[in-house]
Amino acid sequence: MHHSDAVILRVYELTKEFDGIVAVDHVSFAISRGEIVGLLGANGAGKTTTLQLILGLIRPTSGRIEIFGQDLECHRIEILRRMNFSSVGVNLPPNLTVWENLWLFAQLYAVPHAEERIAAVLDLLEIAHLRNARTGRLSSGEMTRVNLCKALLNDPELLLLDEPTASLDPNIADKVRRLLRQIQRERQIAMLYTSHNMRDIEEVCDRILFLHRGRIIAEGSPREILRHFRTRTLEEVFIRIARSGEILVGPEER
Ligand SMILES: Nc1ncnc2c1ncn2[C@@H]1O[C@H](COP(=O)(O)OP(=O)(O)O)[C@@H](O)[C@H]1O
Ligand SMILES: [Mg+2]
């Protein structure tokens, strides 16, 4: 793996079963500071479950998660303070305005200079004009951007993004991808990014983990994956894996 002291997240043999269904099956990987890693896979591959395990929302059946060099099970509160996530599934209280929602989260994370910070993230996502809109009235694309604001409020060192561009039009999706890249450059945040959008993954991620039925079956940079499969596009790789479950040994022996 990465022989660096800047490993932010390390997952060992992570397994999660839901009454007989193995959603995540002995998954191991690490993410270093400043790295954006894409977790790619078909619907039901285990992407969201993996993120929920790393967020401590659900407990693994077996295996271990280390974040910032500490065991998640034992140091959950300190760890969660230094990370954040964004997911389309998160519903914010619909009767509160964008500002009020972000204010609540700022209090929850004890964000210093909350007013300035909220104004800054609203500007960053180009939704300052929505500050007084009730979140229940927002379009899904606007909601996604509010969610990203929420995810950046506490200046996280590890950011988990579950299909962050899923409901965005191509223009906004492109802006969000650039923004994530910019944040990565400026802040050196480590990100784990799930998607089934190849465009997303190719443009944003330094490294890809391909999940198939809960198992990592391919790993490498977008370029390495294309070379290995002898294809021009990740889309072809995706379709081949989804249909056959073909096993790829990554650039590092697994
Ligand atoms: N709470 C749950 N109870 C039972 N099965 C679940 C639960 N959450 C996820 N699963 C199952 O685990 C598998 C992986 O789901 P998920 O992680 O949501 O996939 P993805 O995000 O890649 O689409 C699926 O078969 C799904 O039905
Ligand atoms: Mg999912």
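Rules of the game
Once a new chain begins, its residue numbering starts again from 1 and follows that chain's sequence as written. Chain letters and ligand numbers both follow the written order, the letters beginning at A and the numbers at 1. For this predicted model, a pLDDT threshold of at least 70 governs which residues receive local features, and a threshold of 80 or more governs which side-chain atom pairs are given and counted, while totals over whole chains, interfaces and linings are taken from all residues. To get the side-chain values, take all heavy atoms of the structure and skip hydrogens and water. Start and end positions for the domains come from either an automated domain assignment or a database one. Here, two residues are considered to be in contact whenever any of their heavy atoms come within 4.5 Å of each other. Summed over both partners, the accessible surface that disappears when two parts come together, traced with a 1.4 Å probe, is what is meant by buried area. Under the scheme used here, helices are H or I runs from DSSP no shorter than 4 residues and strands are E runs no shorter than 2 residues, and both carry numbers assigned from the N terminus. Buried means the residue's accessible area, taken with a 1.4 Å probe over protein chains only, is under 20% of the maximum for its type, while exposed means over 50%, and partly exposed covers the values in between. Note on pairing: DSSP must find at least two bridges between two strands before they are called paired. Between N-to-C directions, angles cover 0 to 180 degrees, with each direction set by a line fitted to C-alpha atoms, over the stretch in contact for helices. Positive charge is attributed to Lys and Arg, negative charge to Asp and Glu, and no charge count is given to His or to the chain ends. Whenever a carboxyl oxygen of Asp or Glu lies within 4 Å of a side-chain nitrogen of Lys or Arg, that contact is scored as a salt bridge. Residues are counted as near a molecule or strand when any one of their heavy atoms sits within 4 Å of it. Between N or O atoms, a polar contact is any pair within 3.5 Å; within protein, one atom must be a potential hydrogen donor and the other a potential acceptor, and residues adjacent in sequence are included only when both atoms are from side chains. Each accessible area is a Shrake-Rupley estimate made with a 1.4 Å probe; only the visible protein chains count as cover when residues are assessed. Think of it as three bins: nonpolar holds Ala, Val, Leu, Ile, Met, Phe, Trp, Tyr, Cys and Pro, charged holds Asp, Glu, Lys and Arg, and polar takes everything else, Gly as well.

(A) How the structure looks around the domain arrangement of the protein. Its domain assignment divides the protein into domain 1 (1-82 + 157-254) and domain 2 (89-155). The centre of domain 1, based on its C-alpha atoms, is set 25 Å off from the matching centre of domain 2. On the domain 2 side, the residues contacting the 16 residues of domain 1 number 13 residues. Surface buried jointly by domain 1 and domain 2 totals about 1200 Å² across both partners, of which 64% is contributed by carbon and sulfur atoms.

(B) A look at unusual backbone geometry. Phi is positive for His 26, close to 50°, though the residue is something other than glycine. Of note in this structure, Gln 188 is not a glycine but carries a positive phi near 55°. Looking at where Gln 188 falls in the secondary structure, it is placed in the loop between helix H6 (170-187) and strand S8 (190-195). The exposure class of Gln 188 is partly exposed, given its relative accessible area of 33%.

(C) Fine view of the sheet that holds strand S10 (residues 215-220). Across the sheet, six strands lie side by side as S6-S7-S8-S3-S9-S10; this open sheet has mixed pairing. The sheet terminates laterally at strand S6 (83-87) and S10, the two strands that pair on one side only. On average, each strand axis in the sheet is inclined to that of its neighbour by 15°, with strand direction left out of account. Here four bridges tie strand S3 (residues 36-40) to strand S9 (residues 207-212), and the two strands are oriented parallel to one another. Bridge assignment links Leu 39 to a residue of S9, and that residue is Leu 209. Contacts from helix H8 (residues 222-229) reach S9 and S10 within the one sheet, and its direction differs from that of S10 by about 105°.

(D) Structural detail: the side chain of Arg 145. The topology assignment puts Arg 145 in helix H5 (residues 140-152). Despite its burial, Arg 145 pairs with no opposite charge, the nearest such side chain being Glu 142 at 5.3 Å.

(E) Structural context of the pairing of S9. With six of its six residues buried, S9 lies for the most part within the structure. Residues Arg 207, Leu 209 and Leu 211 of S9 are buried on one face, and the alternating residues Ile 208, Phe 210 and His 212, pointing to the opposite face, are buried as well. Alignment of S9 against S10, held across five bridges, turns out to be antiparallel. Within S10, the position partnered with His 212 by the bridge is Arg 215. Between the antiparallel neighbours S9 and S10 lie two residues, among them Arg 213 with a positive phi of about 50°.

(F) Local environment of the site of ligand 1. The immediate surroundings of ligand 1 are formed by Phe 18, Ala 23, Ala 42, Asn 43, Gly 44, Ala 45, Gly 46, Lys 47, Thr 48 and Thr 49. Lys 47 places a side-chain nitrogen or oxygen 2.9 Å from an oxygen atom of ligand 1. Thr 49 places a side-chain nitrogen or oxygen 2.6 Å from an oxygen atom of ligand 1. Protein contact buries 61% of the 560 Å² of open area that ligand 1 shows by itself. For the shell around ligand 1, the leading source of residues is helix H1 (residues 47-54), giving three residues. Each residue belonging to the shell around ligand 1 can be placed in one class, and the counts come to four nonpolar, five polar and one charged.

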